[in-house]
Amino acid sequence: TDFKSDKQPTWCPGCGDFGTMNGMMKALAETGNDPDNTFIVAGIGCSGKIGTYMHSYALHGVHGRALPVGTGVKMARPDLEVMVAGGDGDGYSIGAGHFVHAVRRNVDMSYVVMDNRIYGLTKGQASPTSRSDFETSTTPEGPKQPPVNPLALALASGASFIAQSFASDALRHQEIVQKAIEHDGFGFVNVFSPCVTFNDVDTYDYFRDNLVDLQEEDHDPNDYEAAKKVVLDSEKEYQGIMYQDENSVPYHEQHGVTEDMSDIPDSAPDDAMDLVREFY
Ligand code: SF4
């Protein structure tokens, strides 16, 4: 797509982040966006490199702080399509506080979390979504605490859109990210994005064998009580849209931030883009 940069990803061959990113790029294109109106904000981790591999405005932010940066971008330029990307360590550990507040503010942007249930960039430590018995070099007997449930955390924080997808189910993943982009408010998608190097438990085969698609379960994403049941169900791994508030009003509309940004000089984004090119 137009969103692919000329930089070759340094992700390990087979990493789920390839599929996650491809779906994101296609979803952006399908929803009528182009690199000139799109701003990617990334956190730190293997997933954080995504802003380099995508051709758009981008900022590779501070660990756990991608969401406040994305919020700032959207408030300053509500006319831009803002997509924030990160990993489970970035988003649900050091960034957990920001996650809760971005969710409750309902800023009109999408947040795609590449959840591989491990820290990949730092070579395989337990992450907030690792299973309690997952043995790693730093947790030889497992973390011995239950994993964070990001979907339940989002629902409890007042989310207006909660979804989950699988990097390897390309069309379904793309479709779900598209819905998150189109949603009027904070579109949260937790993506199962296997780390083929450090996680031999939450593998492609595991998700292929265990994933249940909500489309086949007659789930109504507009039904809050049904959403509660699905996000709290620890027995199953779901993909699909868990919850969508049809009456969602995004933050900038609630607070009268105008879509009309005609007073901003055109030169500002171009100068910023030159800086980004120089940096990479
Ligand atoms: Fe992907 Fe894991 Fe390799 Fe990182 S370490 S690039 S998450 S496979």
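Our subject is the structure listed above.
Throughout what follows, the structure given in this document is the object of discussion.

Definitions and cut-offs
- Residues numbered from 1 in each chain as written.
- Predicted model: local features only at pLDDT ≥ 70, side-chain atom pairs only at ≥ 80, totals over all residues.
- Heavy atoms only, no water.
- Phe/Tyr/Trp six-rings, centres within 6.5 Å; stacked < 30°, edge-to-face > 60°.
- Helix = DSSP H or I, 4+ residues; strand = E, 2+ residues; numbered from the N terminus.
- Pairing = 2+ DSSP bridges.
- Axes fitted to C-alpha atoms, helices over the stretch in contact; angles between N-to-C directions.
- Contact = heavy atoms within 4.5 Å.
- Polar contact = N/O pair within 3.5 Å; in protein donor to acceptor, adjacent residues only side chain to side chain.
- Near = heavy atom within 4 Å.
- Nonpolar A, V, L, I, M, F, W, Y, C, P; charged D, E, K, R; others polar.
- Expected span 1.5 Å × (residues − 1).
- Salt bridge = Lys/Arg side-chain N within 4 Å of Asp/Glu carboxyl O.
- Buried < 20%, exposed > 50% of the residue type's maximum accessible area, 1.4 Å probe, protein only.
- Arc of directions from axis to C-beta.

1. Quick look at the packing of aromatic side chains
Argument step 1. By the definition in use, this model includes 13 aromatic pairs.
Argument step 2. A centroid spacing of 6.1 Å and a plane angle of 45 degrees characterise the contact between Tyr 111 and Phe 186, whose relative ring orientation is tilted. Taken as a pair, Tyr 111 in strand β4 (residues 110-115) and Phe 186 in the loop between α7 (170-182) and β6 (187-192) lie far apart in primary sequence, 75 residues in all.
Argument step 3. Measuring from centroid to centroid gives 5.6 Å for Phe 166 and Phe 207, while their planes differ by 45 degrees, and the two rings are tilted. Taken together, the residues Phe 166 in strand β5 (residues 161-166) and Phe 207 in helix α8 (residues 204-210) connect sequence positions 41 residues apart.
Argument step 4. Among the aromatic residues, those joined into a cluster by ring pairs are Tyr 92, Phe 99, Tyr 111, Phe 186 and Phe 188.

2. Topic: the sheet that holds strand β8 (residues 237-244)
Argument step 1. Overall, mixed pairing links the 8 strands, which are arranged β2-β1-β3-β4-β6-β5-β8-β7 in an open sheet. Each edge of the open sheet is held by one strand with a lone partner, namely β2 (57-60) and β7 (211-213). For this sheet the average axis-to-axis angle between neighbouring strands, irrespective of direction, equals 20 degrees.
Argument step 2. Relative to β6, β4 runs parallel, the two being bridged by 6 bridges. What sits directly across from Ser 110, in β6, is Gly 187.
Argument step 3. Most of the contacts of helix α1 (residues 16-30) go to β4, to which it runs at about 165 degrees, and overall it touches β1 (38-42), β3 (81-87), β4 and β6.
Argument step 4. Its contacts with the sheet put α7 on β3, β4, β5, β6, β7 and β8, and the angle it makes with β5 is roughly 160 degrees.

3. A short note on the side chain of Thr 129
Argument step 1. If you trace the backbone, Thr 129 turns up in the loop between β4 and α6 (150-156).
Argument step 2. Among the polar contacts listed, one links the side chain of Thr 129 to the side chain of Asp 88, at a separation of 3.1 Å.
Argument step 3. Engagement of the side chain of Thr 129 in a polar contact is seen with the side chain of Asp 115, the distance being 2.8 Å.
Argument step 4. Beyond its immediate stretch of four places on either side in the chain, Thr 129 contacts Asp 88, Tyr 92, Asp 115, Arg 117, Pro 147, Val 148 and Pro 150.

4. Digging into the site of the ligand
Argument step 1. Neighbouring the ligand are the residues Trp 11, Cys 12, Cys 15, Cys 46, Asn 116, Gly 120, Cys 195, Val 196, Thr 197 and Phe 198.
Argument step 2. A breakdown of the residues in the shell around the ligand according to their chemical character gives 7 nonpolar, 3 polar and no charged.

5. Focus on α1
Argument step 1. Taking 1.5 Å of rise per residue, 15 residues should cover 21 Å, and α1 covers 21 Å from first to last C-alpha, within 8% of that figure.
Argument step 2. Phi turns positive, to about 85 degrees, at Gly 32, one or two residues after α1.

6. Here we look at the pattern of salt bridges
Opposite charge on two side chains lets them pair, provided their charged atoms get close.
Argument step 1. Applying the stated criterion to the full structure yields 10 salt bridges.
Argument step 2. Here Asp 202 ties to Arg 117 by a salt bridge, and the two come within 2.9 Å at their closest N and O atoms. On the criterion of sequence distance, the pair formed by Asp 202 in the loop between β6 and α8 and Arg 117 in the loop between β4 and α6 is long-range, its members being 85 residues apart.
Argument step 3. By relative accessible area, Asp 202 is classed as buried at 2%.
Argument step 4. Taking the relative accessible area as the measure of exposure, Arg 117 reaches 10% and is therefore buried.

7. Quick look at helix α3 (residues 66-76)
Each α-helix turn comprises 3.6 residues. Residues three or four places apart therefore point the same way.
Argument step 1. All of the buried residues along α3 are Ala 66, Leu 67, Gly 70, Thr 71, Val 73 and Lys 74. Summarising the axial view, the buried residues of α3 lie within an arc of 165 degrees, below the 170-degree limit, and thus occupy one face.
Argument step 2. Looking at the packing, one finds that the buried side of α3 touches β1, β3, α5 (96-105), β4 and α10 (251-254).

8. Quick look at unusual backbone geometry
Argument step 1. One non-glycine residue, Arg 117, lies in the positive phi region at around 60 degrees.
Argument step 2. Positive phi values are uncommon outside glycine, yet Lys 123 reaches one of about 75 degrees.
Argument step 3. When you line up the elements, Lys 123 lands in the loop between β4 and α6.
Argument step 4. Judged by its relative accessible area of 59%, Lys 123 is exposed.

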